[in-house]
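# Report on the structure
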Amino acid sequence: MSETETHEQENPHAKVVLQAARAMTRASLLVTPPAVIVCIALFSILNGMPGFLGSLVGGVLAMLASLSTLGLMKFSAGQDPMFVMVIALGGYVVKVVLLFGALTLLKGVTALHPMSLGITMIVAILLAAAAEFAAFRKTKIPTIIPS
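Residue numbers here run from 1 along each chain, matching the order of that chain's written sequence. This being a predicted model, a pLDDT of at least 70 is required before a residue's local features are given, and a value of 80 or more before pairs of side-chain atoms are given or counted; all residues contribute to the totals for chains, interfaces and linings. With hydrogens and water stripped out, all remaining heavy atoms of the structure feed into the side-chain values.

## Let's talk about the overall build of the chain
Looking only at helices and strands, the chain features four helices and zero strands. Only DSSP runs of H or I reaching four residues or more are called helices, and only runs of E reaching two or more are called strands; each is numbered from the N terminus. Starting at the N terminus and ending at the C terminus, the chain contains elements arranged as α-α-α-α. Contacts were defined at the residue level, with two residues in contact if any of their heavy atoms lie within 4.5 Å. Sequence separation of 24 or more characterises 80% of the internal contacts of the chain that already satisfy a separation of 6 or more. As displayed, the chain offers around 9500 Å² of accessible surface, 75% of which is attributable to carbon and sulfur atoms. Where accessible areas are quoted, they stem from the Shrake-Rupley method and a 1.4 Å probe; at the residue level, only the protein chains shown are allowed to cover.

In structure tokens:
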């Protein structure tokens, strides 16, 4: 028996969080990469090589941001529920700061078309969030509603 399996048996919340994280990851990976490919093709046609590079970088950054959140869910699944929230909120802050840092560093790069990068990021992040939300709603999670 592995350490993860032992920890999951001790904490009933771990199974639920891992189940949700798996469903959300699967849904995100089904929707986001095709949308990023469409954006890359579209911006390549409209803006040439800078559009291609901008869209590619935007898609990669957005997908990494989305998958990092799901990775944090899997990492923190066996923890106390309050600690899971601390990790989620802390991870969100770190992710936003890193994205701002990356975009600040890329601001002056002339090889990237900034509008292609931005629109691709927006499309990828919104689609990933929508797919994750839909997957979370479909996942059968036991809930106790106090009277």
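## Details of the UniProt feature "transmembrane region" (unreviewed entry) in the chain
UniProt positions are given in the numbering used here, feature names are shortened, and annotations may be inferred rather than shown by experiment. Summarizing the sequence annotation, UniProt attributes the feature "transmembrane region" (unreviewed entry) to residues 27–46, 52–70, 82–103 and 115–136 in the numbering used throughout. Within the segment residues 52–70, helix and strand shares are 100% and 0% respectively, and the terminal C-alpha atoms sit 27 Å apart. End C-alpha atoms of residues 82–103 are separated by 32 Å, and the span's content is 100% helix alongside 0% strand.

## A short note on helix 2 (residues 12–76)
It helps to recall that an α-helix has 3.6 residues per turn; residues three or four apart then point in one direction. Take the number of residues in a helix, subtract one, and multiply by 1.5 Å to get its expected span. The terminal C-alpha atoms of helix 2 lie 13 Å apart, and with 65 residues this falls more than 12% below the ideal 96 Å at 1.5 Å per residue. Bend, at a single residue, is the angle you get between axes fitted to the 7 residues ending at that residue and the 7 residues starting at it. Bending of helix 2 peaks at approximately 150° at the position of asparagine 47, with proline proline 50 no more than four residues after it.

## Here's the deal with the side chain of serine 66
Turning to its location among the elements, serine 66 is positioned in helix 2. Pairs of N or O atoms are called polar contacts if they sit within 3.5 Å, as long as, within protein, a hydrogen donor faces a hydrogen acceptor (for residues adjacent in sequence, only side-chain-to-side-chain pairs). One polar contact links serine 66 to glutamate 132, side chain to side chain, over a distance of 2.7 Å. When near neighbours in sequence (up to four residues on either side) are disregarded, serine 66 contacts Ser28, Ala128 and Glu132.

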